[in-house]
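# Chains, contacts and geometry: an overview
Each chain, written out:
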Amino acid sequence: MIPRETGLILALDVDWDVDKSAAFLGSINDLIDAVKIGWFQLLNIGPWGIRELVNKVGKYFLADLKLGDVSHINEYVIRRIHDLGINGIIMHSVAGKDNLTGPVRVARELGVDVYLLVSMSSGGELYDTYLEYNVELGVELGVSGFVVPATKPNVIRRVRSMVGGGYQLLSPGVGAQGGKPGCAIANGADFEIVGRAILTSPDPRRTTLDFIDLIRKPSC
Ligand code: 3DU
């Protein structure tokens, strides 16, 4: 589980090298609970760069690979993610039970948290059609939580009402995609994920502090 202090996760979608990324994270390290990295940074600095960054920054790292391949490939990826020192991974629920059961078990054995994507901030109409099925699947598999979009507060409320308090809900789509800071948490999320609104700010620390102020008094 992601340790919660501020409720803010940074989506580090950048093409910066390790040193620039580490310096940036150092400037807001005390304000964020986790760093979400995805394909963009993985492809830019490579797995060794990611490992170096993880070691330098000493924060909870979440790999947003939206993993959804067949079971044995998912397992390989999760083992590799663990080798890199990453703490959690996001998987696609649409991969289905057969492709998720083994990998989630392996992740649990390794101490890697699995967060299941059950709705997208834009589009994803099939996801929303099968929301209940996918959430029930996640509960059955024993995932740590779910990714639910800030742009769809009704989905956040629905998932929270289904799973109760034992699962962490992570909500992307805040800021650049239109989600109002604090609104996802007001609707039941635990964390709001922010990328470009902080990354492109002329004063990222000030902007991060502003986000935290709004998250601390959640409202829509
Ligand atoms: O729009 P932002 O720059 O704040 O970035 C949002 C991040 O959240 C980005 O890394 C993206 O991959 C992720 N995400 C969504 O935007 C929407 C989803 O449904 C799931 C993840």
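Here, every reference points to the structure presented above.
Residues numbered from 1 in each chain as written. Predicted model: local features only at pLDDT ≥ 70, side-chain atom pairs only at ≥ 80, totals over all residues. Heavy atoms only, no water.

## With respect to the overall build of the chain
Selection rule: Where helices and strands are cited, they refer to DSSP runs of H or I of at least four residues and of E of at least two residues respectively, numbered from the N terminus. In this treatment the radius of gyration is a C-alpha quantity, and the globule benchmark scales as 2.2 Å times the residue count to the 0.38 power. Note on exposure labels: buried denotes an accessible area under 20% of the residue type's maximum, exposed denotes more than 50%, and partly exposed covers the range between, all computed with a 1.4 Å probe on protein chains only. Working rule for contacts: check all heavy atoms of both residues, and any pair within 4.5 Å makes them a contact. Per-residue accessibility takes into account occlusion by the displayed protein chains alone, with areas from the Shrake-Rupley method and a 1.4 Å probe. Positive residues here are Lys and Arg, negative ones are Asp and Glu, while His and the chain termini are left out of the count. Working definition for charges: the position is that of NZ of Lys, CZ of Arg, CG of Asp or CD of Glu.
Per the secondary structure count, the chain includes 10 helices and eight strands. Its C-alpha atoms give the chain a radius of gyration of 16 Å, near enough to 17 Å, the size a compact globule of 220 residues would have. Its C-alpha atoms give the chain principal-axis dimensions of roughly 45 × 40 × 25 Å. The buried share of the chain, taken over its 220 residues, is 55%. Within the chain, counting contacts between residues at least 6 apart in sequence, those at least 24 apart form 69% of the total. Put simply, the chain shows about 9,500 Å² of open surface, and 52% of that area lies on carbon and sulfur atoms. Averaging the positions of the 22 positive and the 25 negative side-chain charges in the chain gives two centres separated by 3 Å.

## Section: the sheet that holds strand β7 (residues 168-171)
Cut-off, in case you're wondering: By the convention used here, strands pair only if DSSP detects at least 2 bridges between them. Between the N-to-C directions of two axes lies an angle of 0 to 180 degrees, each axis being a line fitted to C-alpha atoms and, for a helix, fitted only over the stretch in contact.
Spatially, β1-β2-β3-β4-β5-β6-β7-β8 is the arrangement adopted by the eight strands of the closed barrel, whose pairing is parallel. Sheet twist, expressed as the mean angle between neighbouring strand axes with direction ignored, is 25 degrees. Here three bridges tie strand β1 (residues 8-11) to strand β8 (residues 191-194), and the two strands are oriented parallel to one another. Across the sheet, leucine 10 pairs through a bridge with valine 194, a residue of β8. Strand contacts of helix α3 (residues 71-83): β3 (60-67) and β4 (88-92), with the helix running at about 160 degrees to β3, the strand carrying the most contacts. The strands touched by helix α10 (residues 204-216) are β1 and β8; relative to β1, the strand with the most contacts, the crossing angle is about 140 degrees.

## Here's the deal with the packing of α3 against helix α4 (residues 97-110)
Basically, it comes down to this: Oblique is the label for any angle not covered by the other classes, which are roughly parallel (under 35 degrees), roughly antiparallel (over 145) and roughly perpendicular (65 to 115). The sense of a crossing depends on the near helix, which, turned anticlockwise from the far helix by less than a right angle, makes the crossing left-handed and, turned clockwise, makes it right-handed. For this scheme, ten residues count as nonpolar: Ala, Val, Leu, Ile, Met, Phe, Trp, Tyr, Cys and Pro. Four count as charged, namely Asp, Glu, Lys and Arg, and the remainder, Gly too, count as polar.
For the pair α3 and α4, interaxial distance at closest approach is 8 Å and the crossing angle is 20 degrees. With respect to α4, the element α3 is oriented roughly parallel. For the pair α3 and α4, the crossing hand works out as right-handed. Residues Ser71, Asn74, Glu75, Ile78, Arg79 and His82 of α3 pack against Asp98, Asn99, Gly102, Pro103, Val106, Ala107 and Leu110 of α4. Across the contact of α3 with α4, the residue classes break down as five nonpolar, five polar and three charged.

## Topic: the packing of aromatic side chains
Remark: the centre distance and the inter-plane angle together describe each pair of aromatic rings, the angle taken between the planes. How we decide: Stacked, tilted and edge-to-face are the three classes assigned to paired rings of Phe, Tyr and Trp, where Trp is represented by its six-membered ring and a pair needs centres within 6.5 Å; plane angles under 30 degrees give stacked, over 60 edge-to-face, the rest tilted.
A complete count under the given rule lists two aromatic pairs for this structure. Measuring from ring centre to ring centre gives 5.0 Å for tryptophan 16 and phenylalanine 24, while their planes differ by 55 degrees; the resulting arrangement is tilted. Residue classification places tryptophan 16 among the buried positions, given a relative accessible area of 15%. With relative accessibility at 11%, the residue phenylalanine 24 sits in the buried group. Ring geometry for phenylalanine 146 and tyrosine 167: centres 5.8 Å apart, planes at 50 degrees, overall tilted.

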